[in-house]
Number of protein chains: 2
Amino acid sequence: MNPDNSRRLLIIGGRGALGSALIDHFKSEGYFVASVDRGQNSKSHFPISLEEVASATLEQQVHLVNEKLEKLAPLKFHGILCVAGGWAGGNVKDSNFLANVDLMWKQNMHSSLLAACIATNHLAEGGVLVLTGAYLALTPTPGMIAYGLAKAGVHHLVKSLASEESGLPEGTKIFGILPITLDTPNNRKCMPGADTGTWTPLNFIASLLQTWIENDPATPLSGSLVSLLTHDGNTTTQIN
Amino acid sequence: MNPDNSRRLLIIGGRGALGSALIDHFKSEGYFVASVDRGQNSKSHFPISLEEVASATLEQQVHLVNEKLEKLAPLKFHGILCVAGGWAGGNVKDSNFLANVDLMWKQNMHSSLLAACIATNHLAEGGVLVLTGAYLALTPTPGMIAYGLAKAGVHHLVKSLASEESGLPEGTKIFGILPITLDTPNNRKCMPGADTGTWTPLNFIASLLQTWIENDPATPLSGSLVSLLTHDGNTTTQIN
């Protein structure tokens, strides 16, 4: 596919359930889709694997991705969507608490920082940057303390990046999406018998993000934290 | 000094300007004061140095402090006050951005997590745990992104720890103090000519924390983020 004449997207976390669904959706809509993840997603038009730098610092990962994307220069992306992340439960007495803090920090914050740093070089002016927060982290999370504090950091990052002089390209629109539970094959496997009518379908998110990238008049203000609330199979958004 | 018959405090960050002022204040009020920092504060009754584990993981630091505090067992602390922390400016394009994220995470969040983990073992029931947030992080911080997101994480940690089933001892009261600029010798040296009438005096904070530890009726609710706002040399508190 020729990226010159298409809308171009970069998905961070392209091998996850949501990332993979986004690649499928946007390819079918005629987008050129690059992806970054720990392993290559061969469905993507331009897969970048971090596998070779698995033990690398975040700084080295940013350097590697920047370098690979130079092959597309001077083309830039219309959207960079970070949907990498992870969850861990446990309170401060949990024997894995500090290990989980480190894991949540890396899975949720490092991926967001990677997206933000890549955006400074490779997002087009007026482009869209999406990070993934968590609805539950809008309030205290005593049963999943590590997860909550990392996601609260991501929410603050969204607000800071959306402010003047944050260092992102002129006119960047930045959003946080705040899901609760996504309707993924893995969640269906891990939580049999759960009420999947409260889980957010991946195609709802794909369609929503497309409206933002294509400047739909209903696009929220830059800096919005957009909760995804699903009841009885119907998903609505709530802006924070 | 005999710790048995005194109120007992543990100061995390005892060598910093605020930590050192707290040691002086509470000693003069008859408290037994232990301290933790990268180097020993010899003023403290029970100094614990992390110097020997400077390259250690947070988990190893927690283990070391827990082990040293076993010498005081079965005595527990009436208060654990974490006033370690640091500041760094810069937006996402700053060449030191990712290094500063790591530094802010360690200086502000690791010290808070150390305090919380130590509290699970060594804080008395109904005791006070204080972490240090930042007034500026209540709103976006595009000019100091790393600092803001780390402090936002600390604020969320305060809220989670104050909730039921967080893992802290029964009846723990937890507060975040949210200063803007502290009136320290170093700040006076680094910012000559600044309006020091907007800087918060260290003795105001010491007196305020004492009222909380001694269960003054004006003590805010557990989970409060308490901003310290100083104008014309007068400091007031604002609860968030």
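The structure this text deals with has already been given above.
Below you will find a few notes about this structure. (Residues numbered from 1 in each chain as written. Chains lettered and ligands numbered in written order. Predicted model: local features only at pLDDT ≥ 70, side-chain atom pairs only at ≥ 80, totals over all residues. Heavy atoms only, no water.)

Along the backbone of chain A there are six helices and 10 strands. Over its C-alpha atoms chain A spans a radius of gyration of 17 Å, differing by no more than 12% from the 18 Å that the globule rule assigns to 240 residues. Structurally, chain A occupies a C-alpha span of about 50 × 40 × 35 Å along its principal axes. By the burial criterion, 57% of the 240 residues in chain A qualify as buried. Counting contacts in chain A only where the partners sit at least 6 residues apart, residues at least 24 apart contribute 63% of the total. Per element, the accessible surface of chain A, about 10000 Å² overall, is 48% carbon and sulfur. The average position of the 16 basic charges and that of the 20 acidic charges among the side chains of chain A differ by 5 Å. (Helix = DSSP H or I, 4+ residues; strand = E, 2+ residues; numbered from the N terminus. Rg over C-alpha atoms; globule rule 2.2 N^0.38 Å. Buried < 20%, exposed > 50% of the residue type's maximum accessible area, 1.4 Å probe, protein only. Contact = heavy atoms within 4.5 Å. Areas by Shrake-Rupley, 256 points an atom, 1.4 Å probe, with all protein chains shown as cover. Lys, Arg positive; Asp, Glu negative; His and termini not counted. Charge placed at Lys NZ, Arg CZ, Asp CG, Glu CD.)

Residue and element names in this part refer to chain B. Closest axis-to-axis distance for the helix 3 (residues 97–122)/helix 4 (residues 145–161) pair is 8 Å, and the angle between their directions is 20°. On the basis of the axis angle, helix 3 is roughly parallel to helix 4. In the crossing of helix 3 with helix 4, the sense of the turn from one axis to the other is right-handed. Across the interface between the two elements, Phe-97, Asn-100, Val-101, Met-104, Trp-105, Asn-108, Met-109, Ser-112, Leu-113 and Ala-116 from helix 3 touch Ile-145, Ala-146, Tyr-147, Ala-150, Lys-151, Gly-153, Val-154, Leu-157 and Leu-161 from helix 4. (Axes fitted to C-alpha atoms, helices over the stretch in contact; angles between N-to-C directions. Parallel < 35°, antiparallel > 145°, perpendicular 65-115°, else oblique. Left-handed = near helix turned anticlockwise from the far one by under 90°.)

Quick look at the sheet that holds strand 3 (residues 46–49) of chain A now. Residues and elements named next belong to chain A. Across the sheet, eight strands lie side by side as 3-2-1-4-5-6-9-10; this open sheet has mixed pairing. The open sheet has two edge strands with one neighbour each: strand 3 and strand 10 (234–239). Neighbour-to-neighbour, the strand axes of the sheet open up by a mean angle of 20°, direction not taken into account. Bridging between strand 6 (residues 173–178) and strand 9 (residues 225–231) involves three bridges; their strand directions are parallel. Bridge assignment links Gly-176 to a residue of strand 9, and that residue is Leu-225. Across the sheet, helix 2 (residues 58–69) touches strand 1 (8–12), strand 2 (32–37), strand 3 and strand 4 (77–82), and the angle it forms with strand 3 is around 155°. (Pairing = 2+ DSSP bridges.)

Before going further, it helps to examine unusual backbone geometry. For the bond from Ala-73 of chain A to Pro-74 of chain A, the omega torsion is 5°, close enough to zero to count as cis. In this fold, Pro-74 of chain A is placed in the loop between helix 2 and strand 4. Positioned with a positive phi, Glu-165 of chain A is a non-glycine residue whose angle comes to about 65°. Of note, Glu-165 of chain A is situated in the loop between helix 4 (145–161) and strand 6. One non-glycine residue, Asp-232 of chain B, adopts positive backbone phi at about 50°. Looking at the element boundaries, Asp-232 of chain B is found in the loop between strand 9 (225–231) and strand 10 (234–239). Look at Asp-232 of chain B and you get exposed, because its relative accessible area is 73%.

Once that is clear, we can look at helix 3 (residues 97–122) of chain A. Residue and element names in this part refer to chain A. Between the first and last C-alpha of helix 3 there are 36 Å, a value that for 26 residues agrees with the 38 Å anticipated at 1.5 Å per step. The sharpest bend along helix 3 comes to roughly 30°, located at Lys-106. Within helix 3, 19 of the 26 residues are buried, which leaves the element mostly enclosed by the surrounding structure. (Expected span 1.5 Å × (residues − 1). Bend = angle between axes of the 7 residues up to and from the residue.)

Let's shift gears to the state of the cysteines. This structure, assessed with the given rule, holds zero disulfides over all chains. Left without a disulfide partner, Cys-82 of chain A is nearest to the cysteine sulfur of Cys-117 of chain A, which lies 12 Å away. (Disulfide = S-S within 2.5 Å.)

For the rest of this paragraph, the subject is the relation of the copies chain B and chain A. With an RMSD of 0.0 Å, the operation that places chain B on chain A is a rotation of 180° combined with a shift of 0.0 Å along the axis. Expressed as an axis order, the relation between the two copies is that of a two-fold axis. Closest approach to the rotation axis within chain B is made by the C-alpha atom of Gly-153 of chain B, at a distance of 2.5 Å. By residue overlap, the copies meet face to face through one surface: 100% of the interface positions of chain B are interface positions in chain A. (Least-squares fit on C-alpha atoms with pLDDT ≥ 70 in both.)

Residue and element names in this part refer to chain B. In this structure the tally under the stated criterion is seven aromatic pairs over all chains. Plain terms: the ring middles of Phe-26 and Tyr-31 are 4.8 Å apart, the flat faces sit at 65° to each other, and that makes the pair edge-to-face. Like Tyr-31, Phe-26 is buried. (Phe/Tyr/Trp six-rings, centres within 6.5 Å; stacked < 30°, edge-to-face > 60°.)

Bringing helix 2 of chain A into the picture now. Helix length check: helix 2 of chain A, at 12 residues, gives a terminal C-alpha distance of 17 Å against a target of 16 Å (1.5 Å per residue), a fit within 8%. Of all the residues in helix 2 of chain A, the buried ones are Leu-58, Gln-61, Val-62, Leu-64, Val-65, Asn-66 and Leu-69 of chain A. Residues of helix 2 of chain A that are buried make contact with strand 1, strand 2, strand 3, strand 4 and helix 3 of chain A together with helix 3 of chain B.

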